[in-house]
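One-letter residues, chain by chain:
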Amino acid sequence: MAEVPSTHYVKSDDVYIAYQVFGEGSLDLIFVPGFVSNIEAIWQSPNRSRFFRRLASFCRVIIFDKRGTGMSDRSSQIFTLEQRMHDVQSILNEVGSERAALFGISEGGPMSLLYAATYPERTSALVLYGAYAKRSWSTDYPFGWNDAKWNNVLDNIEHYWGTPQGISATMWAPSIASDPRAAEGLASYFRASASPGAAAAIMKMNREIDVRHILPATRVPTLILHRTAERVIDVEHARYMAQHIPGAKLVELPGEDHMAWFGDQDSILDEVEQFLTGRRHAHEPERVLATVLFVDIAGSTARAATLGDNSWRELLETFYARVREVLHQYRGREINTSGDGLLATFDGPARAVRCAGAIRDTVRSLHLEVRCGVHTGECELVGNDIAGIAVHTGARVASIAPPSEVLVSQTVRDLVAGSGLVLEEYGTYTLKGVPNEWRLFRAAN
C-alpha cells in the first residue's frame, strides 16, 4: 500500500465523521485515536505513515477522527463516550464490518473498553496502548493526575496550543524533543488535529472519565501494552486494568514515548500482530545508504571539571544550539546526542564534510574544539535511530581525529571526487571492531 487512502464521511446522529479504510487482511481492525488526530496529516509523517502501513500488512485497517477533531465536524463542546461509541458503530456499519478488533490508544482506551463490553458480539479482540480506565487522582486511584497537574495542562493548552512549547515533545515524545524540526512537526500535527477550544474540551472530558466499573465485564480477548518510562500515563494504569479485566494479557515495553509511532514502534506492532494473528512479523531490517557524521568535544572532561556542573550544562546547551543551526543549514538530520557528542546523517557526503568544517569553526567562539569523523555506508534504520557497521566505522574515525580536525574514510574521499573538497592523506588505521585496515583523509578546507 503506497498511495494515501481516500477520506470518506459517514453521518452519525447530526455529525459527519471522517474515516479511511486501507489494507486487505482478513481481520478488520478499527484504530481508536488518542487525544487528537487528523487522518490526512497522519500520512505526512514518516513515523506515523510507517506505523499504519505496518498495521495494514496484516489487517484491514479503519481509522477515523473523533467528532470535534481532525477532518470530522469541528466543535468545542464536550462529547460523551456514548456518542463516540455510536460513531464507531456507524463507521463499522458503513464499511460492512460485522466484527472488528479495536485498537485504543491513550484516550481511545476508555471508549474502546466501553464498546467491547457493550458489543462483545461485534468485537473480536481489544488492544490497548498507553491507556487508562480513570484519568484523575483519587484516594483509591493514586496514579492519576491531581488538580494541580490538570490546571497546568489546561493553562498550557490555552496559552501555547500548536507551538513546540505547548503539549510538547518533551512530555509526549522525548525521543524527538532535541530535534527542533521534529518538535515543530508534532506541533503542526496538533494544530491540524484540533483547535485550542476543542483540545481543552477533550482534556476536560478526560478529567472526568472513570470506566473502572466495566473492566470486569470486558469479556473479549484483551492485550494491554504500555511503555514503562513514559511521562503522560503512568504504567500503573496498565497494571490496574490488567488486574481487573478477566484474562487480559499485559506486556510492558521499554521506552519513554507516549506516542506509539515514536521510539521503537516495531516492539508494539510485533505484539499486536502476534496477538491478533498468532504469528510474529519476520523483520527485514530497513536499510539505507547514508553519510554519518560524528562530532565530539575534545577535552570535555577537563573543561567540565573547571567550569562546574551548572556552567558546563549551560555551555553544552549553547554548543548543541549552534551545532543544530549548522546542521539545518547543511540539511543534516540529528540522530542522537550522548554526553558531549552528536551523531547526524546526510544524504550526500560532500555536505557532511562541509558541515563538519562549519561546526568546527562555529564552536571556536565558545572556546571549544571538536573532533569529527565522516563515513558513508549502508545503515539500518531502527525507529528514529540508526545502526550497523557504517555507524561503528564513523565513530571510530572520529575517535582518531585530533582536536579541530575532520577525518573522513576512503569511501567518502572516493565519493566526493570533483566536489572541490581538499582531502589530504592522513594514514592507514585499524579501527576497533571494524574489519580490515582503513585509509583516512584529513579535510583541509
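In short, a report on the structure. Counting restarts for each chain: residues are numbered from 1 in the order of the written sequence. Since the coordinates come from a predicted model, pLDDT governs what is reported: local features require at least 70, and pairs of side-chain atoms require 80 or more to be given and counted, while whole-chain, interface and lining totals use all residues. Hydrogens are left out, water is left out, and the side-chain values use all remaining heavy atoms of the structure.

Thoughts on the packing of helix H1 (residues 46–56) against helix H9 (residues 265–277)
We apply this condition: With axes taken as lines fitted to C-alpha atoms, and helix axes fitted only over the stretch in contact, angles between N-to-C directions fall between 0 and 180 degrees. Helix numbers and strand numbers start at the N terminus; a helix is a DSSP run of H or I with at least 4 residues, a strand a run of E with at least 2. The cut-offs work like this: below 35 degrees is roughly parallel, past 145 is roughly antiparallel, 65 to 115 is roughly perpendicular, and the gaps in between are oblique. Helix crossings fall into two classes, left-handed where the near helix is turned counterclockwise from the far one by less than a right angle and right-handed where it is turned clockwise. Note on contacts: a residue pair is in contact if any heavy atoms of the two residues lie within 4.5 Å.
Running from N to C, H1 and H9 point in directions that differ by 20 degrees, and their axes come no closer than 10 Å. Taken together, the axis directions place H1 and H9 in an arrangement best described as roughly parallel. Between H1 and H9 lies a crossing whose hand is right-handed. Of H9, the residues touching H1 (which contributes Asn47, Arg50, Phe51, Arg54 and Leu55) are Gln265, Asp266, Leu269, Asp270, Val272 and Glu273.

Considerations on the sheet that holds strand E3 (residues 28–32)
Which entries qualify depends on this criterion: If DSSP finds at least two bridges between two strands, the strands pair.
The sheet built from eight strands is open, its strands ordered E1-E2-E4-E3-E5-E6-E7-E8 with mixed pairing. Among the strands making up the open sheet, the edge pair consists of strand E1 (8–12) and strand E8 (249–253). Ignoring which end each strand starts from, the neighbouring axes of this sheet average 25 degrees apart. Pairing of strand E6 (residues 123–129) with strand E7 (residues 222–227) involves four bridges; the strand directions are parallel. Looking across to E7, one finds that Val127 is bridged to Leu223. Along the sheet face, helix H2 (residues 81–94) touches E1, strand E2 (15–22), E3, strand E4 (60–64) and strand E5 (100–105) and points at about 125 degrees away from the line of E1.

What to know about the side chain of Ser112
We count it as follows: Only protein chains enter the accessibility calculation, which uses a 1.4 Å probe; a residue is then buried when its area is under 20% of its type maximum, exposed when over 50%, and partly exposed in between. Throughout this description, a polar contact denotes any pair of N or O atoms lying within 3.5 Å of each other; where both atoms belong to protein, one of them has to be capable of donating a hydrogen while the other can accept it, and for residues adjacent in sequence the pair is counted only when both atoms sit in side chains.
Here Ser112 lies in helix H3 (residues 108–118). Judged by its relative accessible area of 0%, Ser112 is buried. Among the polar contacts made by the side chain of Ser112, one reaches the main-chain carbonyl oxygen of Gly108 at a distance of 2.7 Å. Beyond its immediate chain neighbours, meaning those up to four positions away, Ser112 contacts Val32, Leu102, Gly104, Leu126 and Leu128.

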